[in-house]
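Read off the chains here:
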Protein chains: 4
Amino acid sequence: MLDTMTLNVAKQLLAAAVHKAAQIGIRGDVAIVDGGGNLVAFYRMDHARTGDIDIAIDKAWSSVALRRPTAELAKNAQPGGEAFGIHTTNNGRLVILGGGIPLWKQSRLMGGVGVSGGTSAQDIEAAEAAVSAFHNLISLVT
Amino acid sequence: MLDTMTLNVAKQLLAAAVHKAAQIGIRGDVAIVDGGGNLVAFYRMDHARTGDIDIAIDKAWSSVALRRPTAELAKNAQPGGEAFGIHTTNNGRLVILGGGIPLWKQSRLMGGVGVSGGTSAQDIEAAEAAVSAFHNLISLVT
Amino acid sequence: MLDTMTLNVAKQLLAAAVHKAAQIGIRGDVAIVDGGGNLVAFYRMDHARTGDIDIAIDKAWSSVALRRPTAELAKNAQPGGEAFGIHTTNNGRLVILGGGIPLWKQSRLMGGVGVSGGTSAQDIEAAEAAVSAFHNLISLVT
Amino acid sequence: MLDTMTLNVAKQLLAAAVHKAAQIGIRGDVAIVDGGGNLVAFYRMDHARTGDIDIAIDKAWSSVALRRPTAELAKNAQPGGEAFGIHTTNNGRLVILGGGIPLWKQSRLMGGVGVSGGTSAQDIEAAEAAVSAFHNLISLVT
């Protein structure tokens, strides 16, 4: 039974996100963290931006730390929004750009994925490929 | 006579805030700081967000550091507002989200409470439960 | 079955450490983190040092992050030691002073306790009171 | 011809280091950075320490930044040594523990590997497995 994020699972999630990123024509940085927000595995695709290393890792962290997709923060943290100002908390580690998504096994927070490299919509699409891969894996091993 | 924040008092304030948070259906992180802004006690409710640890502690700190509820900052720190930009001062420790409230004993700043986990309105409601508990305790021991 | 650190358990561990600290005549700061190193609960005893807030929290974090008591680091990180220099890694968060101890449930890392306020020997003694309380609680609820 | 670090190569270097780490009985964190010191890929083995995430990445970075194995720093940065104090420069990012090794293609600095999880000798052994893999790959593709 899978009850923590393993390196083996994380590598498959990275592969799924990288595959989708290539498919939609972006070069991204992709990170997988565990349920405590700690990095498990990371890939930077060739020619992807070095400025996205931190962003990808911190998107994954943020999705776990706030237990929701970072895209939701993107809306609420706009000027005038309920959560404006949240992006400078946690020593600036909290990212409010779409592309970070938590990985749930029912009510258990197992980890998070973060993708950075394209538009928010593209980053979300690549991250969702990792989420789908995660749910496929869970259904196999549980 | 109570003239500084004690651990015993802080625990009762945490209990009041946690009780209210549970009552209104949120899972929050709650912090009590003393009049110098230094942490006295902290509780993270089960399944509350880890990203709110820093936010709760920094809301309590901010309420003491600026001697006012953080909800007031939330308004003034919006773009176009008088205090826009204040949230990146103090190494980003200054939080402009509602839910931090100073604890006064007449004109004496005794400490602050910070709650994070729900909407600003919910965080404020839970923080106000701690403020009420504080005033009840003061009236008893003074 | 207890499979994550809960607030209820953390409060009992804090109480055990604070009780022992008082018994041996020190005033300490005590922190409990979960298995991911994230803070669950914290108490600063009356008249304990504010400089120990960070140290207690970071001792607890370090014990989880390195999966061993911080006292072991204290030896290896001395000049000439195998791990000299480790205390400046992780943005200085890694504490090499005794008083941080991981909390294991068999092979599962459930969290950590950090105590700061006395000598290393005293801090360790108070932290060990929390560890004992943890094992008593596990034997009851499992 | 291989003239920059690619993700494909980095994954093979990680695999080599992880394989060696498992063989010698340690659980490590392993990082590959490019010639600019920027992270390309990272693996945390199951049950490896979260405190070694930063250390592994920063060992790899340090080996590139100082263009030498971190084990050399370990000697010189001891009290009384020529480089004592260097470990607090670069915002503490510079790691003086063995296990970071630059990856050279003749006189061209192609990247670095960092391993953290065992003793310095063990970390170095696992990192050297990545270095060997790198030289094998170079001889094939050049």
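See the structure printed just above.
Now for a look at the structure at hand. (Residues numbered from 1 in each chain as written. Chains lettered and ligands numbered in written order. Predicted model: local features only at pLDDT ≥ 70, side-chain atom pairs only at ≥ 80, totals over all residues. Heavy atoms only, no water.)

### Some details on the sheet that holds strand 3 (residues 100–105) of chain D
The condition is simple: For two strands to pair, DSSP has to find at least two bridges joining them. Here a helix means four or more residues in a row that DSSP labels H or I, a strand means two or more in a row labelled E, and each is numbered from the N terminus. Axis geometry follows a simple rule: fit a line to the C-alpha atoms, using only the stretch in contact for helices, then measure angles between N-to-C directions, giving values from 0 to 180 degrees.
Pairing is antiparallel across the open sheet formed by 8 strands, whose spatial order is 3(A)-4(A)-1(A)-2(A)-2(D)-1(D)-4(D)-3(D). In this open sheet, the two edge strands, each paired with only one partner strand, are strand 3 (100–105) of chain A together with strand 3 of chain D. Adjacent strand axes in the sheet meet at a mean angle of 15° when their direction is disregarded. With 6 bridges joining them, strand 3 of chain D and strand 4 (residues 108–116) of chain D adopt antiparallel strand pairing. Looking across to strand 4 of chain D, one finds that lysine 105 of chain D is bridged to arginine 108 of chain D.

### Description of the packing of aromatic side chains
What counts here: Whether two aromatic rings pair depends on their centres lying within 6.5 Å, for rings of Phe, Tyr and Trp, where Trp uses its six-membered ring; planes under 30 degrees apart make the pair stacked, over 60 edge-to-face, and the rest tilted. Only protein chains enter the area calculation, which uses a 1.4 Å probe; residues under 20% of their type maximum are buried, those over 50% are exposed, and those in between are partly exposed.
Scanning all chains against the criterion turns up 4 aromatic pairs over all chains. Aromatic side chains tyrosine 43 of chain A and tyrosine 43 of chain D sit 6.2 Å apart centroid to centroid with 50° between the ring planes, which places their arrangement in the tilted category. Of this pair, tyrosine 43 of chain A sits in strand 2 (residues 39–44) while tyrosine 43 of chain D is found in strand 2 (residues 39–44), placing the two residues in two different chains. The same class applies to tyrosine 43 of chain A as to tyrosine 43 of chain D, namely buried.

### Details of the relation of the copies chain A and chain B
Where we set the bar: In this comparison the copies share one frame, found by least squares on the C-alpha atoms of residues holding pLDDT of at least 70 in both.
Taken as rigid bodies, chain A and chain B are interconverted by a rotation of 91° and an axial shift of 0.0 Å, the fit giving an RMSD of 0.1 Å. Viewed as a symmetry operation, the transformation between the two copies matches a four-fold axis.

### So, the environment of glutamate 128 of chain A
Mapped onto the fold, glutamate 128 of chain A is located in helix 4 (residues 120–141). Sequence separation between glutamate 128 of chain A and glycine 99 of chain A is 29 residues; the distance between their C-alpha atoms is 8.4 Å.

### Section: the sheet that holds strand 3 (residues 100–105) of chain C
Filter applied, for reference: Two residues qualify as a contact provided that any one of their heavy atoms is within 4.5 Å of a heavy atom in the partner residue.
Sheet architecture is open: 8 strands sit in the order 3(B)-4(B)-1(B)-2(B)-2(C)-1(C)-4(C)-3(C), paired in antiparallel fashion. Since the sheet does not close on itself, it has two edges, and those belong to strand 3 (100–105) of chain B together with strand 3 of chain C, each with one partner. Neighbour-to-neighbour, the strand axes of the sheet open up by a mean angle of 15°, direction not taken into account. Sheet analysis places strand 1 (residues 29–34) of chain C next to strand 2 (residues 39–44) of chain C, joined by 5 bridges and oriented antiparallel. The partner of isoleucine 32 of chain C across the bridge, within strand 2 of chain C, is alanine 41 of chain C. Running at roughly 155° to strand 4 (residues 108–116) of chain C, helix 2 (residues 51–65) of chain C makes contact with strand 2 (39–44) of chain B together with strand 1, strand 2, strand 3 and strand 4 of chain C of the sheet.

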